[in-house]
Every structure is written in structure tokens, then in C-alpha cells.
Amino acid sequence: MRRTSWQEYQKDIASDKYYYARSCIRQNFFPGSERAFLNILGRDLGIDIFDDPLHTSCTGIGYHSDVVPLETIMTVVARQFSLMAEAGYENFISSCITSFGIYNEVLATWKEFPETEERTRKYLKEATGRDLVKPRSIAHTSDIIFHHREAIARKAKHRLVNSHTGEPLRVVEHIGCHYAKIFPKSGIGGSEFPYVLAGMIETWGGDVVDYPERRHCCGFGFRNYLVQANRGSSVANSHKKLESMAPYKPDFIVANCPGCAMFLDKWQYAIAEMEGMTYGADGRGIPVLTYEEMAGLVLGYDPWELGMQMHQVDVEPLLDKLGVEYSPEAKYLGANGKYIGKPADVAVNCFDRRRIYEIKR
Amino acid sequence: MGKYFDMLAEDVRLHEGLKACMNCGVCTAVCPAAEFYNYDPRQIVAIVQTRDDEEIERLLKGEAIWYCGECMSCRPRCPRGNTPGYVIQALRTLSQKLGFFVESEKGRQQLALKRLIGDNILATGYCLTPRNILPELHPEQGAVWEWIYENDEDVYGRFSDVYRREGAGALRRIDDASMREIHRIFEVSGGNDFFDTIEQHSDRKAREMGYDGATEEYMMQTYTYNSENHY
Ligand code: SF4
Ligand code: SF4
């Protein structure tokens, strides 16, 4: 199959007037990414995007932990759709791969089994008095950034190149299983050649790293992470990916799903603590970015306003390569510019010089 | 013969997930859980396909159905259009409805998931919130998470004007009227009944195991205990 096979899986993405559904994981771990996304669209590109104060979690983590029944999540999803319609929108965009999978699965199930849609309408009416109105389009927020990638490139302050050598940066992209493995046609490029992040990377000047475990799960596995006794499974999967990508010397990882970004970041910390192993150059971790952070850096946003201080693996080596200026003193400031102390030094961070670890290649 | 299969067949995910399996093993080859656990999704699908009550009951009471991570990597790969991950979801739902989940170590963990995720949805409208990711339960979250956890108002205040308050923005408090709607949805759609079922069977099992019911102590046991017999 040719590398361009992604073009067989195109989907219609609306260009304007989006109803934004936020994600539990995104807002917990990457609130700066969320704000950057809303600013890039609303402020930089002048697009109409509505952040509704009324919607809730999709309850997807509960559903995939098998404690929230299918009928219940369908009704919660139906409520989100109704809120969208009541607000006057019809293009629903979600900021998390789990919920994107959920919204697609619910719509597909309603189509395949119409009695489930009827039952949901009834439950929704009974529980909330609302009427179900289905969206005209569903997209993931990365689809939206992909859709506007050229417009972002035209406003770029930085490109994904090493500002010292002029070489393109080497980027590992991680798509997240539920983006296209459940419904290949709902993801740009399908499940074989997902192109949503690769398209951004190429447009903004970087090189996409192809490596053996590129499509492997990040290691979330819902109950396999959420229950402490099962976390060995989660870290083993992240470990497998990190081992597989390290020989390609990536400058950074970018993830489609906030959960994947968080796991690939945090498990590098845990592996360094447990095994003394780090995967980046010079014995450091590999920075893990969200695509909103990647887009934000390209557009010249301040890394701390993007929330990159909330990562466990320090991003400064990447910022230096990109030629991004930043203030080290501003990194750990809280709201209103107050200094609130800083996290303890740990092995995976670049500023820890006290311990010597085996350097992976 | 076929009693449990008929119950499974009430779940649309069984119809979507199992047409006819030819036992090729492609799902097992790509499955991340199969690589880690003594787990073989091909075999699960093959057993369900036999409709054999005894065999299916063994599955519903056993460890194997709890190993899957619901990544759905098997879905686009199956040459027959099956989705073993969906079959697993149907099995897990039935195992809980019948109270069989408490007969396995991994199944008993459903109580911890119900309390940690399920109850949090009913309390906050979110699956997770910063204040329920306790550093002592999440050592792998590292030093930066501890810093965030201890300074949450300040850290999140930099990105959201409404942290734990009503309005539009990240980590806003969900208004009471919306929360009432969520509670009603759980009530009318069977979410609350399902939660109660998990609690009741866990309580019964906890007593059988010598606990004073499904206490915090029992829940933490399900959350932390690993017999290491799974690989
Ligand atoms: S890949 Fe499909 S046909 Fe092959 S064993 Fe798995 S479920 Fe059966
Ligand atoms: S959904 Fe479950 S059975 Fe399918 S590949 Fe993922 S872990 Fe394996």
C-alpha cells in the first residue's frame, strides 16, 4: 500500500460554527491546550466556536470501565446533542478520543438498531424534557486543527525545524485507538494510515517518524490503568512503544488524545524511577505534546500559557531546538503571577544532574 | 442450552461484535492485553459461539473477560467483521447483572471502578476531577502531579476563570439543574440500578470473604490486590 492511502479516507469537516464538547481528561491534565484550541479558532482564525456551560462528561470512561450501561451513556450523549441544537449549532466537536469514539458509536448504533434510538428519545424526554436532535457532523478537535492547518501555517512564528541546524524535527505521532479503529471512516486516513497529526506535522515543517509499534495502544486500557492492581499492563504497553520508537531518536511525541499524551508522559517518569531507563537524547525523557500545544508553539504562544509546565517530562530541550523564547522564571507561577513553589526534581527531567542513568542509545 | 447466549443476545453489542468467527486468531495477534495477560480473545469468541451454558458461565465467573482493555484494536482487523472487544463488553455487563463478577479477582474490581468513576460522575458530572486523583493512589503520576494537586486553585486558575465555579470554561462546576438532569438520566435509563447491583453483589461477596460488607477496606482490597496469577 502506498503511503498516500490516507486519501482514501477523507471526511467532510465543517469549516465554521462548532459546538465544543470538552473532555474530562483534557481539562484535568491539559487545560492550557483546551484554552489554546478555543483561542486559535475563535481569536486567531475568527471562527465561531461555542463553549456551552451546560454540557457534562460523556461518561465514556465509566462506559469503558463497564460500570455505565449502554442505555445510560446513550441518553447522556443525546442530552449533549440536544444542548447543541438548542444553542443553534449542528457541528459537534469533541476534544477527546474516548468521547469521539463514544459519539460515533452511539450514532452508528442508533442507525443500525433504530429501536435503541427510540428508547433513548424516550429516556431523554422523561429525564430532561428535551428532544433529541442529531448533529449534522461530528469531528474530533484535531480534525479541526488539521482542517485549518494551512491557515495556521500562514500565521506561523515557528516551524517544526531545528533552529540551529535547519533540519526538520523528528516527530512521533500517536493517534489513539478509538480515533479510527472503531470507525475507520470517521478518522482522517482511516485506521491504517491515520493522517490527522502527520498532516499537521508535514505542513508545519517536521518529519514524521515511522516505527514498528506506531499503531500500538498507549497503554490506557481503562480498567488496566484505573485500578491500581492492573497498572502493570498499562506501563508495559507504553514501555513497548517507547522501546520501539527510541532508536529513531524522536525530538518529541505528539498525541491525538489527552489520555495518550498523559500516559506517554507519566509512564516515562515511572519507567525512569523503576528501571533507571530514559528514552530521549542525553538521558532525558522525550517531551510529549498535545497537538494544540504543537499548534500553539507554531503560532508563537508562550509555552507556560499553553500549560506545558504541567508535563512531567520537561519541554525546555524542545523549546530550545525550536528557538522558542521563554522565561524560566515564569514556568511555575500560579494565577495572578504568584510563585507557588516547584515540583520535586526527578530522574526523567532534564535539570536533574544528581543521578546517572543508562542512556538509551 | 443457550440460556446465557440468549441473554447476551439482548445486548446489541453482541450482534455487532459476533457474526461468525472462523477462529483465525488475528484478534489475538494484535491484542495488547493478550501480550500481557494469559488472555486469548479468539478463545472467548469461540466459546460464546458454542452457546454452551456451562462454558459461558465459566467465562462470566472467571478472570479472562476482565483482561481486555477495550482498545478495539481487534475491530478493524477481524477478517469476518467481528469485534471481540464488543463481545467482552456484553459479557462484562451480563456478568455484573447476574452477580457473577464477584467470583473473580479482576471482576471484583468493578466495585472500585463504580465508586471511583461512577460515583464521581454522579457527584460532579465528570468521570474524573483533579481532587479525586489522589497522589497516594497514583504514585506513577509523579512529582509534577503532586505539585498540581497541592496548588490546584493556582495552577488551574492560570487556564480557567471558573475552576470549581459555574460558567463556561475548563473544570467548571456543573450547575445544579444540569446535575439533576444527569441524575434523572441515570435513574430512568438503568444506570442507578446497575450501580446498585454492583454494590449489592459486592457486599454479599465481601461478607463471604470475612469483611464487614462492601466497606472502604474491601473496596481498597479489590483496587490494590494482585494475586499475580494472570500471566
Ligand atoms: S479475528 Fe475475527 S474471525 Fe479471527 S478469531 Fe478473532 S473474532 Fe474470530
Ligand atoms: S478490545 Fe480487548 S480483545 Fe480487542 S484488541 Fe483490545 S484488549 Fe484485545
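Above this text sits the structure in question.
So, a few notes on the structure that sits alongside this text. (Residues numbered from 1 in each chain as written. Chains lettered and ligands numbered in written order. Predicted model: local features only at pLDDT ≥ 70, side-chain atom pairs only at ≥ 80, totals over all residues. Heavy atoms only, no water.)

1. Some words on the overall build of chain A
Where we set the bar: Counting from the N terminus, the helices are DSSP H or I runs at least four residues long and the strands are E runs at least two residues long. C-alpha atoms define the radius of gyration, and 2.2 Å times the number of residues to the power 0.38 defines the globule rule. The cut-offs for exposure are 20% and 50% of the maximum accessible area for each residue type, with area from a 1.4 Å probe on protein chains only; residues under the lower value are buried, those over the upper are exposed, and the others partly exposed. In what follows, residue pairs with any heavy atoms lying within 4.5 Å of each other are defined as contacts. Here, Shrake-Rupley sampling with a 1.4 Å probe gives the accessible areas, and only protein chains in the shown set may cover a residue. Charge convention: Lys and Arg are scored as positive, Asp and Glu as negative, and His as well as the terminal groups of each chain are ignored. Just so you know, the charge point we use is NZ for Lys, CZ for Arg, CG for Asp and CD for Glu.
Looking only at helices and strands, chain A features 15 helices and 10 strands. Taking 361 residues into account, the globule formula puts the C-alpha radius of gyration at 21 Å, and chain A, at 20 Å, falls close to it. Dimensions of chain A, computed from the C-alpha atoms along their principal axes, are close to 60 × 55 × 45 Å. Across the 361 residues in chain A, those meeting the buried criterion constitute 68%. Within chain A, counting contacts between residues at least 6 apart in sequence, those at least 24 apart form 75% of the total. Of the roughly 12,300 Å² that chain A leaves accessible, carbon and sulfur atoms contribute 49%. The distance from the centre of the 43 positive side-chain charges to the centre of the 46 negative ones in chain A is 1 Å.

2. Re the site of ligand 1
Using the following cut-off: Near is defined per residue: the residue qualifies when any heavy atom it owns lies within 4 Å of the molecule or strand. Under the convention adopted here, Pro, Cys and the residues Ala, Val, Leu, Ile, Met, Phe, Trp and Tyr are nonpolar, Asp, Glu, Lys and Arg are charged, and Gly plus all remaining residues are polar.
Contacts to ligand 1 come from 13 residues, most closely from B:C21, B:C24, B:G25, B:C27 and B:C78. Partitioning the shell around ligand 1 into residue classes produces eight nonpolar, three polar and two charged.

3. Thoughts on helix α14 (residues 216-224) of chain B
An α-helix turns once every 3.6 residues. As a result, residues three or four positions apart point the same way. Cut-off, in case you're wondering: Note: the arc covers the axis-to-C-beta directions of the helix.
Within α14(B) the residues assigned to the buried category are B:Y218, B:M219, B:T222 and B:Y223. End-on view of α14(B): buried residues confined to an arc of 140°, all on one side of the axis. Along α14(B), exposed side chains directed more than 90 degrees from the buried face belong to B:E216 and B:E217. Turning to α14(B), the residues buried within the fold contact α11 (223-226) and α12 (231-245) of chain A together with α8 (105-108), α9 (110-124) and α13 (191-208) of chain B.

4. Looking at the sheet that holds strand β3 (residues 91-94) of chain A
Residue and element names in this part refer to chain A. Quick note on the threshold: In this analysis, strands are considered paired if DSSP registers two or more bridges between them. All axes here are fitted lines through C-alpha atoms, helices being fitted over the stretch that makes contact, and every angle between N-to-C directions spans 0 to 180 degrees.
The four strands lie next to each other as β2-β1-β3-β4, forming an open sheet whose pairing is parallel. A single partner strand is all that each edge strand has here, and the edge strands are β2 (49-51) and β4 (137-140). Adjacent strand axes in the sheet meet at a mean angle of 30°, parallel and antiparallel pairs treated alike. Sheet analysis places strand β1 (residues 18-21) next to β2, joined by three bridges and oriented parallel. Considered in β2, the bridge of Y20 is made with D51. The strands that helix α2 (residues 31-44) touches are β1, β2 and β3; relative to β2, the one it contacts most, it runs at about 145°.

5. Regarding the interface of chain A and chain B
Note the cut-off: As used here, buried area is the combined drop in accessible area, with a 1.4 Å probe, of two parts when they are placed together. Take a side-chain nitrogen of Lys or Arg and a carboxyl oxygen of Asp or Glu: if they are within 4 Å of each other, that pair is a salt bridge. Pairs of N or O atoms are called polar contacts if they sit within 3.5 Å, as long as, within protein, a hydrogen donor faces a hydrogen acceptor (for residues adjacent in sequence, only side-chain-to-side-chain pairs).
Listed by partner, the interface residues are 96 residues for chain A and 83 residues for chain B. Buried area between chain A and chain B, summed over both chains or domains, comes out near 7,400 Å², and the portion from carbon and sulfur atoms is 57%. When residues of chain A are sorted by the area they lose upon contact with chain B, A:D66, A:V67 and A:R223 head the list and together hold 10% of the total. The interface formed by chain A and chain B includes seven salt bridges. For the pair chain A and chain B, the number of links is 57 residue pairs in polar contact (both at pLDDT 80 or more).

6. Structural notes on the pattern of salt bridges
On inspection of all chains with the given rule, the structure shows 45 salt bridges over all chains. Between B:D176 and B:R173 there is a salt bridge; the shortest N-O distance is 3.4 Å. A residue is classified by how much of its surface remains accessible, and B:R173, at 38% relative accessible area, is partly exposed. When salt bridges that share partners are traced, they join A:R79, A:E86, A:R130 and B:E181 into one network.

7. Examining the packing of helix α4 (residues 70-86) of chain A against helix α12 (residues 176-188) of chain B
The criterion, for reference: Geometric relationships in this document are graded by angle, where less than 35 degrees denotes roughly parallel, more than 145 denotes roughly antiparallel, 65 to 115 denotes roughly perpendicular, and other angles denote oblique. Crossings are sorted by hand: turned counterclockwise from the far helix by less than a right angle, the near helix makes the crossing left-handed, and turned clockwise it makes it right-handed.
Two elements in contact, α4(A) and α12(B), have axes whose closest approach is 9 Å; the angle formed by their N-to-C orientations is 150°. When the axis of α4(A) is compared with that of α12(B), the two are roughly antiparallel. For the element pair α4(A) and α12(B), the recorded crossing hand is right-handed. Contacts between α4(A) and α12(B) involve A:T72, A:T75, A:V76 and A:R79 on the former and, on the latter, B:S178, B:E181, B:I182, B:I185 and B:F186. Considered class by class, the residues forming the contact of α4(A) with α12(B) number four nonpolar, three polar and two charged.

Interpretation in functional terms is not warranted from these geometric data alone.
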